[in-house]
Structure formats: C-alpha cells, structure tokens
Amino acid sequence: MLTITPSGQTLGATVTGADLSQPLSREDFAQTLQALGHYGVLRFTNQQLSAAAVRDFSQRFGPIQVGVSERFRHPEVREVGILDR
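Residues numbered from 1 in each chain as written. Predicted model: local features only at pLDDT ≥ 70, side-chain atom pairs only at ≥ 80, totals over all residues. Heavy atoms only, no water.

So, about the layout of surface pockets. Vacant regions in the atomic arrangement are exposed by a probe of water-molecule size rolled over the atoms. Roughly 170 Å³ of internal volume is contained in the largest pocket. Lining the largest pocket, in full, are L20, T32, L36, G40, V41, L42, F44, Q47, F57 and F61. Those elements giving two or more residues to the lining of the largest pocket turn out to be α1 (26–39) and β3 (42–44). Along the lines of polarity and charge, the residues of the lining of the largest pocket split into 7 nonpolar, 3 polar and no charged. (1 Å grid on protein atoms, 1.4 Å probe; cavity = no way out; pocket = protein on both sides within 12 Å on 5 of 7 lines; lining within 4 Å. Points joined across faces, edges and corners; volume = space filled by probe spheres on them. Helix = DSSP H or I, 4+ residues; strand = E, 2+ residues; numbered from the N terminus. Nonpolar A, V, L, I, M, F, W, Y, C, P; charged D, E, K, R; others polar.)

Structure, rendered in structure tokens:
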C-alpha cells in the first residue's frame, strides 16, 4: 500500500510503500500518476534500482526521450541518463 505525504511546500510529495524494482500494480500506478499530477514532483525513498528497473518504471509514463549526448547515457541501458557517478 502506498503512502503519499505532501512536502508542505509549493511542490512535492514523498511516496513510501513502493518497491520500484518490481512493477507497480495498476492501482498503485494510478495512485502514483494522480499524485504526480497533484504534487508535480514525487520522491521515492529507499530504492535500490538497476538501470533496467529505472527504464521500466519510467516507460509506464510514456515514451522515454533519449538525450543526444552519449556521454551521459548508461552504457547498457541507453534510455537511462547518468547525472552523477
């Protein structure tokens, strides 16, 4: 069961009770999508995700736009960008 806690600021909420290394149920994804629309930014705490899991979760929101620079792409999962190593 997901818990969504507003940040108390203009934007943002923290989502707990999700394991993003596994696909979310339809109900949990619907709740996540509704929260994203309401709060604008969601923070999922305590996640240990492979690059493939990041891609798979992200694809549920729609097509992923791949950046033009190879420099910042994950070497095995091109849809995932690396912002910090």
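Among the nonpolar cores identified, the biggest contains 11 residues, and these are L2, A13, V15, A18, L20, L24, F29, A35, L42, F44 and F57. The set of elements that each furnish at least two residues to this core consists of β2 (13–16), α1 and β3. Excluding residues that lie within four positions of it along the chain, V15 makes contacts with L2, T3, I4, L42, R43, F44 and T45. (Core = buried A, V, L, I, M, F, W, Y, C linked by side-chain atoms within 4.5 Å. Buried < 20%, exposed > 50% of the residue type's maximum accessible area, 1.4 Å probe, protein only. Contact = heavy atoms within 4.5 Å.)

For the rest of this paragraph, the subject is the side chain of H74. Its place among the elements puts H74 in the segment after α2 (51–59). One polar contact links the side chain of H74 to the main-chain amide nitrogen of V77, over a distance of 3.1 Å. Beyond its immediate stretch of four places on either side in the chain, H74 contacts A51, V80 and I82. (Polar contact = N/O pair within 3.5 Å; in protein donor to acceptor, adjacent residues only side chain to side chain.)

It is worth spelling out the pattern of salt bridges at this point. Enumeration according to the criterion identifies 1 salt bridge in this entry. Between R55 and D56 there is a salt bridge whose closest N-O contact spans 3.0 Å. Its relative accessible area of 39% is what places D56 among the partly exposed residues. (Salt bridge = Lys/Arg side-chain N within 4 Å of Asp/Glu carboxyl O.)

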